[in-house]
Amino acid sequence: MMRSPAGPAPIRGSGPVAFTVLWVAAYLWNGYWFLLRIGFRVEVVDDVLEWRAPLAKRSVPIGELSGNRSMWMGFETLKVTGQRSLIVLSRDRGWITFLESLNRATGSDTFHVSALNRLMVRMPGSSWSDGYYED
């Protein structure tokens, strides 16, 4: 006959505490980024860029924008002078049109369409939204 090990019996159906803590941390981390930091909509209204995430909103005069940078496929940053950059979900042709329109509005060539932007336009599912800007 086998004897059970000393100590409390494990609770059935529960995972290790470290595993649960890591999953909760990952959930909170993703919630922070996708609800507060990654914008899904940008538009220019009266020379002010309005950026929106599900739970956050920022307004920045377009004169304070100093360029853009591709982070990885489908995510772009708009650099803001003296402030935290704006992260934008940039999955469709509307983003390229938006960058071109920003260049026209600012009278400069500081917003560049990257190879990643061009690649995203060709990816499946890249036309799921209406775009960022309408002339």
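Worth saying up front: this structure is predicted, and the values here are computed from it rather than measured. (Residues numbered from 1 in each chain as written. Predicted model: local features only at pLDDT ≥ 70, side-chain atom pairs only at ≥ 80, totals over all residues. Heavy atoms only, no water.)

Attention now moves to the sheet that holds strand β3 (residues 48–53). The antiparallel open sheet is built from three strands, whose spatial order is β2-β3-β4. Only two strands of the sheet have a single partner each, and these edge strands are β2 (41–45) and β4 (56–61). Pairwise comparison of adjacent strand axes, ignoring direction, gives a mean angle of 20° for this sheet. In the sheet, β2 pairs with β3 via five bridges, with the strands oriented antiparallel. Bridged to V44 within β3 is L49. Helix-sheet contacts for helix α1 (residues 17–37) involve β3 and β4, and the interaxial angle to β3 is about 145°. On the sheet, helix α2 (residues 93–106) packs against β2 and β3 and is oriented at approximately 30° with respect to β2. (Pairing = 2+ DSSP bridges. Helix = DSSP H or I, 4+ residues; strand = E, 2+ residues; numbered from the N terminus. Axes fitted to C-alpha atoms, helices over the stretch in contact; angles between N-to-C directions. Contact = heavy atoms within 4.5 Å.)

Once that is clear, we can look at a nonpolar patch on the surface. A surface patch of nonpolar side chains, about 350 Å² in accessible area, is lined by Y32, L35, L36 and L55. In this structure, L36 sits in helix α1. A residue is classified by how much of its surface remains accessible, and L36, at 35% relative accessible area, is partly exposed. (Patch = residues over 30% accessible without salt bridge, like charges linked within 9 Å, V, L, I, M, F, W, Y side chains within 5 Å. Areas by Shrake-Rupley, 256 points an atom, 1.4 Å probe, with all protein chains shown as cover. Salt bridge = Lys/Arg side-chain N within 4 Å of Asp/Glu carboxyl O. Buried < 20%, exposed > 50% of the residue type's maximum accessible area, 1.4 Å probe, protein only.)

Attention now moves to the sheet that holds strand β7 (residues 86–89). Overall, mixed pairing links the four strands, which are arranged β1-β7-β6-β5 in an open sheet. Edge positions in the sheet fall to β1 (38–39) and β5 (65–72), since each has one partner strand and no second.

The next thing to look at is the pattern of salt bridges. The full count for this structure, using the stated rule, is three salt bridges. Between E43 and R41 there is a salt bridge, and its shortest N-O distance comes to 3.4 Å. Salt-bridge contacts for E43 lead to R52; the nearest nitrogen and oxygen are separated by 3.0 Å. One continuous salt-bridge network, built from bridges that share partners, spans R41, E43, E50 and R52.

So far we have only geometry, and geometry alone does not tell us how the molecule works.
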